[in-house]
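Residue-level structure breakdown
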Amino acid sequence: MDASEVARLREALQQASFTVDAVHELLGPVAHGALGREQVVPGLRATTGGSALETLVRVFLLGTTEPAEAVAAAVRPLGPSAALAAGLLESDGDGLRAALEIRPYGDDRSSWWVVSDLGTDVRPGALRRDHVLGIGGASVTLAQWTVRHDVESALDLGTGCGVQALHLSAHAAAVTATDRNPRAVRLAALTAALNGLDWDLLVGDLLQPVRDRMFDLVVSNPPFVVGPASRGYAYRDSGLAGDAVSERLVREAPAALNDGGWCQLLANWVHVRGEPWDERVHRWLAGNRCDTWVVQREVQDPAEYVEMWLHDSGEASGAAYRQRYAEWLDWFVANDVDAVGFGVVSMRRSGRDQPDVVVEELRQPVAPPLGPHVTARFARVDWLRDADLLDARLRAAADVRLHQVASPGPDGWAVGMQRLVLDSGLGWSGDIDPIGAALVGGANGDVRLRDQLELLAIAFDIDLEALTNGALPAVRHLVERGFLEPG
C-alpha cells in the first residue's frame, strides 16, 4: 500500500472507532473473553447491528464473509478495490472477507493497530509456511516483562508483525526491527505505517542484519520451539535443533549492547535427564559480562509440548497428525529430554568480570506489568553489591505480609509455620523463622541493621556474633527478593 492508501485505511478505522476500548464495549465481557480464547460464536451474536464497527469486527477479528456493500461502507474512504489490491480483503462468493487480520491493540499509554495473518480460529487448517503470527500470549508476556526506560536505540529481533516494536516506539528515539521472514517484514512495515511510525526494517536471520551495530535495548520473541532441526514454520522453527537458538541468542546478544544496555528475550530450554536445567542455562551465560536474571515460568512434558505446537500451527488433525506427533516425541526420547522449560531472560551489560547471575524458578502468579519489577530487582542487586548492610537502615516493603499457621496446644494457639508473602508484583513468598519475622517487622527505615541485631540477640538470648553471621545472608536474600528495601 502506498502512503495515501494507508492514510485512507487509518481514517476508516478511526471513523469507525475501531479501538481496543470500543471493541470491548461492543462485545461485552463474555464475548470479549471468548475472543481471547479464540472462540468466535459469542462475538458473532454480539455484532448483528450492521454498524461500521460491527462490520470491521466481524471481518477482521471474527473472520466472517460480509456483504460487499457493508464492507465497502466500513472501509470508506479506502474503498474495497484498493483493499483487495493491497491484499487486505479477498472475494468470497458475493461477499468480502479478510485476507489479513487488523487488530486494535494498546497499553496504558498508547493505542495501535496490528496487521498479521489470520489465525486458525478463523481460517482452519495448516498455516502457510511463512505465516506471520498476530498478538499472542508470548508477545504479550515479553511486552509485560520489558523494561521501559527512555533509550536512544532499540532493536526488536524477530519482529513478526511488529508488536514489540510498537511498544519500543513509545520510549526509544530510534527503533530497528528485523526478521528472517520477508513477509513478516512487509506486514511489520504496514503495522508501522498504519500507526504513523518509522522503523528501520531489515530482513535477515537473528543478529546478522545488525552486525557491528549497538543498541541500548534489545528484545526478542524468537522462533524458540524445541525439536528436530526444521524451518517448517518461520514464526516458530529456527532451523536449529533442540534449544540451540535460545542458547545462541543468549550467548551472542550481549555483543549488540551498549554499556549499560539491556537485552530481554523469551526462550525455551530442554530438561535433559540427569542434568539440572538451571546448570544448562548457566553455561550459556559464561563470560558475557552481563548481570543476568533468568526465570523459568512454565514447564511442559514432551506430549503437552508437541500437542500445543501442532494445535498452534493448525496441524492437530488429518492423516499426518499422528505421524508428526510420533516423530517429534521420538526426537525427545532420542535426546533424553524429559521436559521443556519456558522463561524470560533479562541481561544488562555491566562490563563486570564477575556479574550477578541468577537462574531460578518463578512459577507463581504475577501482576503485570513486570518491567518495573525487573528494573527494581537489578537496582537492589546494585545496592547490595556496594552496601554496608550492618549500617543500612532497612524498611519492610509496603506489600509484605506475614502469614502464620497455628494449631491448638496446651497453652493456646501454637504457631507452627510463618511465611512472608509479597501481595503484589512478583508474588514472592518464603518460610521465615521467628527471629527473621521480628527483624522484618521491626524494619522501619530508622534503625541500623546492627542495632536491630543487638536487640534481637538480647530478646532471643542468642550470641550476637552467631546471629549476625547467620542473619547477613538471609537479609541479603530478603533485599534481593524485595521483602526489605533500603530506607
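Just above, that's the structure.
Per chain, the residues get numbers from 1 upward, laid out in the order the sequence is written. Reporting in this predicted model follows two pLDDT cut-offs: at least 70 for local features of residues, and 80 or more for side-chain atom pairs to be given and counted; totals over whole chains, interfaces and linings ignore these cut-offs and use all residues. Hydrogens are left out, water is left out, and the side-chain values use all remaining heavy atoms of the structure.

Next up on the list: the sheet that holds strand E19 (residues 484–486). Here 3 strands make up an open sheet; going across it, the order is E18-E14-E19 and the pairing antiparallel. In this open sheet, the two strands that pair with only one neighbour each are strand E18 (444–448) and E19. Adjacent strand axes in the sheet meet at a mean angle of 35 degrees when their direction is disregarded. The pairing criterion for strands is at least two bridges between them, as found by DSSP. Per the convention used, a helix needs a DSSP run of H or I reaching at least four residues, while a strand needs a run of E reaching at least two, with both numbered from the N terminus. Where strand E14 (residues 393–396) lies against E18, 2 bridges are found, and the strand directions are antiparallel. Its bridge partner being in E18, Arg 393 is matched across the sheet by Arg 448. Whenever a helix is involved, its axis is fitted only over the stretch in contact; in every case the axis is a line through C-alpha atoms, and angles between N-to-C directions fall within 0 to 180 degrees.

Here we take up the sheet that holds strand E6 (residues 151–157). Pairing is mixed across the open sheet formed by 8 strands, whose spatial order is E8-E7-E6-E9-E10-E12-E11-E13. On the outer flanks of this sheet lie strand E8 (200–203) and strand E13 (357–361), each paired with one strand and no other. When the angles between neighbouring strand axes are averaged without regard to direction, this sheet yields 20 degrees. As defined by bridge partners, strand E7 (residues 172–179) adjoins E8 across 4 bridges and the pair is classed as parallel. Each bridged residue has a counterpart across the sheet, and for Thr 176 the counterpart in E8 is Asp 200. What makes two residues a contact is simply this: any of their non-hydrogen atoms within 4.5 Å. Across the sheet, helix H7 (residues 137–145) touches strand E9 (215–220), strand E10 (257–272), strand E11 (290–300) and strand E12 (337–349), and the angle it forms with E10 is around 140 degrees. Against the sheet, helix H9 (residues 182–194) makes contact with E7 and E8, and its axis sits at roughly 165 degrees relative to E8, the strand it touches most.

Given two aromatic rings, their pairing is described by the distance between the two centres and the angle made by the two planes. Centres within 6.5 Å are what make two rings of Phe, Tyr or Trp a pair, Trp counting through its six-membered ring; a difference in plane orientation under 30 degrees is then read as stacked, over 60 as edge-to-face, and the rest as tilted. By the definition in use, this model includes 11 aromatic pairs. Consider the rings of Phe 224 and Phe 342, whose centres lie 5.9 Å apart with planes at 55 degrees: the pair is tilted. Taken together, the positions of Phe 224 in the loop between E9 and helix H10 (244–252) and Phe 342 in strand E12 put the pair 118 residues apart, joining distant regions of the chain. With relative accessibility at 16%, the residue Phe 342 sits in the buried group. Among the aromatic side chains, those forming a connected cluster through ring pairs are Phe 224, Tyr 305, Trp 309, Trp 331, Phe 332 and Phe 342. The ring of Trp 328 carries Arg 324 above its face, with NZ or CZ at 4.6 Å from the centroid. Taking the ring centre of Trp 428 as reference, the NZ or CZ of Arg 481 above it sits at 3.5 Å. Burial status follows relative accessibility: with a 1.4 Å probe on protein chains alone, a residue under 20% of its type maximum counts as buried, one over 50% as exposed, and anything between as partly exposed. Charges are assigned to positions over rings by a cutoff of 6 Å between ring centre and Lys NZ or Arg CZ, combined with an angular limit of 35 degrees from the ring normal.

Compared with an ideal rise of 1.5 Å per residue, which puts 13 residues at 18 Å, helix H1 (residues 3–15) spans 18 Å between its outermost C-alpha atoms and is within 8% of the ideal. Three or more residues of H1 are buried, namely Glu 5, Val 6, Leu 9, Ala 12 and Leu 13. Taken down its axis, H1 places every buried residue within 120 degrees of arc, on the same side. Those residues of H1 that are exposed and angled more than 90 degrees off the buried face are Ala 3 and Gln 15. Packed against the buried residues of H1 are helix H4 (52–61), helix H5 (68–75), helix H6 (80–85), strand E4 (101–106), strand E5 (111–116) and H9. With its phi angle positive at about 55 degrees, Ser 17 sits one or two positions after the end of H1. Any helix carries an expected span of 1.5 Å times its number of residues minus one. Comment: arc refers to directions from the helix axis out to C-beta atoms.

As used in this record, nonpolar core signifies buried Ala, Val, Leu, Ile, Met, Phe, Trp, Tyr and Cys residues forming a set joined through side-chain atoms within 4.5 Å. Judged by nonpolar contacts, the single largest core of 142 residues is most densely connected at Phe 18, Ile 102, Trp 145, Trp 293, Phe 332, Met 347 and Leu 484. Examining the composition of this core, we find that 9 residues originate from one element, E10, more than from any other. Not counting residues within four places of it along the chain, the set of residues in contact with Phe 18 comprises Leu 13, Val 23, Leu 53, Leu 56, Val 57, Phe 60, Leu 61, Ile 102, Pro 104 and Trp 113.

So, about unusual backbone geometry. Looking along the chain, the bond that leaves Arg 76 and enters Pro 77 is cis, with omega of 20 degrees. As for its position among the elements, Pro 77 is in the loop between H5 and H6. Cis geometry is found at the peptide bond from Pro 368 to Pro 369, where omega equals 0 degrees. Mapped onto the secondary structure, Pro 369 falls in the loop between E13 and helix H14 (371–386). Unusually for a residue other than glycine, Arg 289 sits at a positive phi of about 55 degrees.

Direction vectors running N to C along H4 and H5 enclose 110 degrees, while the axes themselves pass 9 Å from each other. In terms of orientation, H4 lies roughly perpendicular with respect to H5. Facing Ala 52, Thr 55, Leu 56 and Val 59 of H4, the residues of H5 in contact are Ala 70, Val 71, Ala 74 and Val 75. Residues were grouped as follows: Ala, Val, Leu, Ile, Met, Phe, Trp, Tyr, Cys and Pro as nonpolar; Asp, Glu, Lys and Arg as charged; and all remaining residues, including Gly, as polar. The residue inventory of the contact of H4 with H5, partitioned by class, reads 7 nonpolar, 1 polar and no charged. An angle below 35 degrees is treated as roughly parallel, one above 145 as roughly antiparallel, one from 65 to 115 as roughly perpendicular, and anything else as oblique.

Let us look at the side chain of Ser 153. Along the chain, Ser 153 turns up in strand E6. Ser 153 gets classed as buried once you look at its relative accessible area, which sits at 16%. Setting aside residues up to four positions removed in sequence, Ser 153 forms contacts with Ala 174, Met 214, Phe 215, Asp 216, Leu 217 and Asn 258.

Further remarks concern the environment of Glu 480. Topologically, Glu 480 is positioned in helix H17 (residues 464–481). Along the chain, Glu 480 and Ala 72 lie 408 residues apart, while their C-alpha atoms are 57 Å from each other. Each residue touching Glu 480, except ones within four places of it in the same chain, is listed here: Arg 377, Arg 380, Val 381 and Leu 384. Within the structure, Glu 480 has its side chain in polar contact with the side chain of Arg 377 (distance 2.8 Å). Under the rule applied, a polar contact is a pair of N or O atoms within 3.5 Å (in protein, one hydrogen donor and one hydrogen acceptor; residues adjacent in sequence only if both atoms are side-chain atoms).

Okay, the pairing of strand E2 (residues 89–92) next. Taken together, the 4 bridges between E2 and strand E3 (residues 95–98) define a ladder with antiparallel strand orientation. From the neighbouring strand, Leu 89 faces E3, where its bridge partner is Ala 98. In sequence, E2 turns back onto E3 through a hairpin of 2 residues, with Gly 93 there showing a positive phi of about 65 degrees.

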